Amino acid sequence: MVHQPSSRPRLSRSGDTEDIVALLAPRLAHFAGVARTEHVTRAAQEMNVPQSTLSRALVRLEADLGVDLFVRHGRTLALTVAGRTFLGSVERALAEVERAAEEVRADADPATGKVAFRFLHTMGAETVPGLLHAFRADHPRVRFSLVQNYGEAMLERLRAGELDLCLTSPVPDAPDLVARRLDEQKLRLVVPADHPLAARRRIRLAEAADENFVTLEPGYGLRRITDALCAEAGFRPKVAFEGEEAETLRGLVAAGLGVALLPPPAVPRPGVVELTVTAPRAAREIGVAWLAGRADTPPVAAFKKFLLSRRGSLLPS
């Protein structure tokens, strides 16, 4: 049989795709159910919807598409060529929706759900592994999507809805985010072991004004803190190198490329000496942030509560 286009009104080809999807989506499951049974009454019984509702949905679907999807023989229906073409795509689309629904339900399960959690590179060696180990003692099957990143990139992904929580520094202050201070970490001036300052235990940051600094790249929270502390000490740091990892910077200090303001290392590194900064007060706040107004799934709520319970004891002693 040669298919003849329907003379019914149809969606404009120039119409917005979003408008087409909004019109068609509610009727796709009805179409697939009738196509499977080839009988409106049986499909209505299987789908537990009134037969009149199902019939109207099919008529409107054909009107929206501007093609006949079925050849009708009383209450029995047979797919047209266009109907069979459409059915293949509809079944794939419905299967994908079902898969996605199962996935998000699984992610929200209180016992086995998933938490999308990002954290600073400097938190990855000890702090985050220790937190996860402690949390999983009571929630052994909760899954985590973990990524290390720098502060600004994390906040962008948080705003995009890609993250549930992020552990960051400085603690952000923005109207679209909720942030809570969890702990504070002292920063040290790291110098090469053979540097004249290496014989010292304490130092005022102003005494390092003439030194070359190795720092993290702009956009990193620790870089902003370094620049702010140097400004408070009365100078602008002479940057010899910009990197992405604190431990890389520590290695470059050991190689004699400059000095750096860094948090304590997970494991002491040879070739450097770490000096206590007496002025200005050199420390960074560590906090947890999430998107304001976003409802938490049970696993996210549990992990958030756990993090907030660690205020003042977040970092390894």
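Everything quoted here is computed from the prediction, not taken from an experiment. (Residues numbered from 1 in each chain as written. Predicted model: local features only at pLDDT ≥ 70, side-chain atom pairs only at ≥ 80, totals over all residues. Heavy atoms only, no water.)

Caption draft 1: Region of the structure containing the overall build of the chain. Looking only at helices and strands, the chain features nine helices and 13 strands. Summarising its shape, the C-alpha atoms of the chain cover approximately 95 × 45 × 35 Å along the three principal directions. Within the chain, the proportion of its 317 residues that are buried is 41%. Expressed as a percentage of contacts within the chain between residues at least 6 apart in sequence, the contacts between residues at least 24 apart total 75%. Within the structure as shown, the chain displays about 17,000 Å² of accessible surface, and the carbon and sulfur contribution to it stands at 51%. A gap of 4 Å separates the mean positions of the 42 positive and 39 negative side-chain charges of the chain. (Helix = DSSP H or I, 4+ residues; strand = E, 2+ residues; numbered from the N terminus. Buried < 20%, exposed > 50% of the residue type's maximum accessible area, 1.4 Å probe, protein only. Contact = heavy atoms within 4.5 Å. Areas by Shrake-Rupley, 256 points an atom, 1.4 Å probe, with all protein chains shown as cover. Lys, Arg positive; Asp, Glu negative; His and termini not counted. Charge placed at Lys NZ, Arg CZ, Asp CG, Glu CD.)

Caption draft 2: Structural view of the nonpolar core. Counting 32 residues, the largest nonpolar core has Phe117, Met123, Phe144, Leu165, Leu167, Phe303 and Leu307 as the members making the most contacts within it. Those elements giving two or more residues to this core turn out to be β3 (114-119), α5 (127-136), α6 (151-159), β5 (165-168), β6 (177-186), β13 (283-291) and α9 (298-309). Look past the residues within four positions of Phe117 in its chain and what remains in contact with it is Val128, Phe144, Ser145, Leu146, Val147, Leu165, Cys166, Leu167, Phe303 and Leu307. Core analysis: the next-biggest nonpolar cluster, separate from the first, contains 30 residues, Leu187, Leu205, Leu249 and Val259 among them. (Core = buried A, V, L, I, M, F, W, Y, C linked by side-chain atoms within 4.5 Å.)

Caption draft 3: Main features of the packing of α5 against α9. One way to put it is that α5 packs onto α9 with a least axis distance of 11 Å and a crossing angle of 115 degrees. Judged by the sense of rotation from one axis to the other, the crossing of α5 with α9 is right-handed. Residue-level inspection shows Leu131, Leu132, Ala134 and Phe135 of α5 in contact with α9, the latter providing Pro299, Ala302, Phe303, Phe306 and Leu307. Of the residues belonging to the contact of α5 with α9, the class tally is nine nonpolar, no polar and no charged. (Axes fitted to C-alpha atoms, helices over the stretch in contact; angles between N-to-C directions. Left-handed = near helix turned anticlockwise from the far one by under 90°. Nonpolar A, V, L, I, M, F, W, Y, C, P; charged D, E, K, R; others polar.)

Caption draft 4: Fine view of the sheet that holds strand β11 (residues 260-262). Taken in spatial order, the four strands line up as β8-β12-β7-β11 in an open sheet, and their pairing is mixed. The open sheet has two edge strands with one neighbour each: β8 (202-204) and β11. Averaged over all pairs of adjacent strands, the angle between their axes in this sheet comes to 45 degrees, without regard to strand direction. Across three bridges, strand β7 (residues 188-192) lies against β11 in antiparallel orientation. Pairing of Arg188 across the sheet is with Leu262, part of β11. (Pairing = 2+ DSSP bridges.)

Caption draft 5: Examining the sheet that holds β13 more closely. The strand order β4-β3-β5-β13-β6 describes an open sheet built from five strands, whose pairing is mixed. Of all strands in the sheet, those bounded by a partner on one side alone are β4 (143-148) and β6. Each strand of the sheet is rotated relative to its neighbour by a mean of 20 degrees, with strand direction disregarded.

Caption draft 6: Region of the structure containing helix α7 (residues 221-232). Here α7 contains 12 residues, and its C-alpha end-to-end distance of 17 Å stays within 8% of the 16 Å for a straight helix at 1.5 Å per residue. Gly221, Leu222, Arg223, Ile225, Thr226, Leu229 and Cys230 are the residues of α7 that are buried. Immediately beyond the C-terminal end of α7, within one or two residues, lies Gly234, with a positive phi of roughly 100 degrees. (Expected span 1.5 Å × (residues − 1).)

Caption draft 7: Geometry of the environment of Lys238. Looking at the secondary structure, you find Lys238 in strand β10 (residues 238-243). A relative accessible area of 40% places Lys238 in the partly exposed class. Discounting chain neighbours no more than four positions away, the residues touching Lys238 are Ala209, Asp210, Glu211, Asn212 and Phe213. Polar contacts involving the side chain of Lys238 include one to the main-chain carbonyl oxygen of Asp210, which spans 2.8 Å. (Polar contact = N/O pair within 3.5 Å; in protein donor to acceptor, adjacent residues only side chain to side chain.)

Caption draft 8: Up close: the environment of Gly130. For Gly130, the location among the structural elements is in helix α5. The spacing of Gly130 and Pro316 is 186 residues in sequence and 8.2 Å in space, taken between C-alpha atoms.

Caption draft 9: Local environment of the pattern of salt bridges. Counted under the stated rule, the structure contains 22 salt bridges. A salt bridge links Arg36 to Glu46, with the nearest nitrogen and oxygen atoms 3.7 Å apart. Separated by 10 residues along the polypeptide, Arg36 in helix α1 (residues 17-37) and Glu46 in helix α2 (residues 40-47) bring together distant segments of the chain. Its relative accessible area of 55% is what places Arg36 among the exposed residues. The structure contains a network of salt bridges with shared partners spanning Arg181, Glu184, Arg281 and Glu285. (Salt bridge = Lys/Arg side-chain N within 4 Å of Asp/Glu carboxyl O.)

Caption draft 10: Highlighting the packing of aromatic side chains. Inspection of the entire model under this criterion finds 10 aromatic pairs. Relative to Phe86, the ring of Phe31 lies with its centre 5.2 Å away and its plane at 50 degrees, an arrangement referred to as tilted. Pair noted here: Phe31 is in helix α1 and Phe86 is in helix α4 (residues 81-107), with a separation of 55 residues, a long-range link. A single burial state applies to Phe31 and to Phe86, both of which are buried. Measuring from centroid to centroid gives 4.9 Å for Phe144 and Phe303, while their planes differ by 75 degrees, and the two rings are edge-to-face. Placement of Phe144 in strand β4 and of Phe303 in helix α9 is noted, with a sequence separation of 159 residues between them. Judged by relative accessible area, Phe144 falls into the buried class, the value being 19%. Its relative accessible area of 0% is what places Phe303 among the buried residues. (Phe/Tyr/Trp six-rings, centres within 6.5 Å; stacked < 30°, edge-to-face > 60°.)

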